Every structure is written in structure tokens, then in C-alpha cells.
Amino acid sequence: MTRTLELPNGDTVTSDDVFLYNDYPYRVVFPGDDESPNEDAKYEFWLSPLHWGGGEMDIPFREREALVEQWGPESRGTLTESEWEGWLREARGDDRFGDDELDALARELPTSDSGLVTRLRRTLGF
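Residues numbered from 1 in each chain as written. Predicted model: local features only at pLDDT ≥ 70, side-chain atom pairs only at ≥ 80, totals over all residues. Heavy atoms only, no water.

## Topic: the sheet that holds strand β5 (residues 45–49)
Read across the open sheet, the 4 strands follow the order β3-β4-β5-β6; overall the sheet is antiparallel. Edge strands, defined here as strands with exactly one partner in the open sheet, are β3 (19–21) and β6 (59–61). Strand-to-strand twist of the sheet, defined as the mean angle between neighbouring strand axes without regard to direction, takes the value 40°. Note that β3 and strand β4 (residues 24–29) share 3 bridges and pair antiparallel. Paired with Tyr-21 across the strands is Tyr-24, a residue of β4. (Pairing = 2+ DSSP bridges. Helix = DSSP H or I, 4+ residues; strand = E, 2+ residues; numbered from the N terminus. Axes fitted to C-alpha atoms, helices over the stretch in contact; angles between N-to-C directions.)

Listed below in C-alpha cells is the structure:
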């Protein structure tokens, strides 16, 4: 059975879903998942940043209520393909993000231009 988490905005996500939390793409990780940072299950789940995840950047939560308290105006939950494309466009002009990081995110985000041809065009500068 696939484990799910209901985000504070009402979206329900699995470990495969990407969502916007505090203006960055994240996935949820549950104890026992292959990428789970801690097998002792003292946390109910972790939020793992899409690019920097699997380490010190993961945010552990003991219960969902703590996520509700930390859910800010920059958190929107799951986005459509066009919304992720818009987020990437805006992030390209933001000094907090490097080109390598955004290129890696573009390959992972569910966008309509995440295919091989688009990646080749981007790499070649077209």
C-alpha cells in the first residue's frame, strides 16, 4: 500500500509526487522508504528537497500538525506542468539558485518540456 500525506492545502501526495514547500520543490519521505534518512521511525515523515535531498537538508516532522504550523505563504502544494515551468522561469532570475541546480531541477520536475529533445536543446543553448 502506498503511503500518503495530506498537505495543509488539501493536496494528497506520495513519495513520487513533487510539491512546492517554502518556494522550493520537495518530496515526502516516510520511515522505511529506500531514501529514508533514519530507520528508527522517531519521525512520521521528512520533506526532502528535490535537488539537495537525502541528507542534512531534509526536514523531519514528528507529526503532520508541525507541518501545518510551518506551512507558509510560499508553500502551494502540487503544481501543474505549466505552473512548474513558470516557477523555473522565475527561479532563473533569482540569485539564490545556480544554473546547475536549476538544470537538475528541470530534469526532475513534471513539466511538458522535460523530454530528451528539450534537454539537448537547453544544453546546446537553443
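## Some points on helix α2 (residues 81–92)
The end-to-end C-alpha distance of α2, which contains 12 residues, comes to 17 Å, matching closely the 16 Å that a straight helix rising 1.5 Å per residue would cover. For α2, the complete set of buried residues consists of Trp-84, Glu-85, Gly-86, Trp-87, Leu-88 and Ala-91. Each element contacted by the buried residues of α2 is listed here: β3, β4 and α3 (99–108). (Expected span 1.5 Å × (residues − 1). Buried < 20%, exposed > 50% of the residue type's maximum accessible area, 1.4 Å probe, protein only. Contact = heavy atoms within 4.5 Å.)

## Describing the pairing of β4
Judged by how many residues are buried, β4 sits mostly within the fold: 5 of 6 residues are covered. Between β3 and the antiparallel strand that follows it, β4, lie 2 residues; Asn-22 among them carries a positive phi value of about 50°. For β4 and β5, the ladder comprises 4 bridges, and the chain directions are antiparallel. Looking at the pairing, Arg-27 lines up with Ser-48 of β5.

## Overview of the packing of aromatic side chains
Here the structure, examined in full by the defined rule, presents 9 aromatic pairs. Each ring, one from Trp-84 and one from Trp-87, has its centre 6.0 Å from the other, and the planes form 80°; the classification is edge-to-face. Separated by 3 residues within a single helix, Trp-84 and Trp-87 lie in helix α2, roughly one turn from each other. There is no split in this pair, since Trp-84 and Trp-87 are both buried. Through successive ring pairs, a cluster of aromatic residues spans Tyr-21, Tyr-24, Tyr-26, Trp-71, Trp-84, Trp-87 and Phe-97. (Phe/Tyr/Trp six-rings, centres within 6.5 Å; stacked < 30°, edge-to-face > 60°.)

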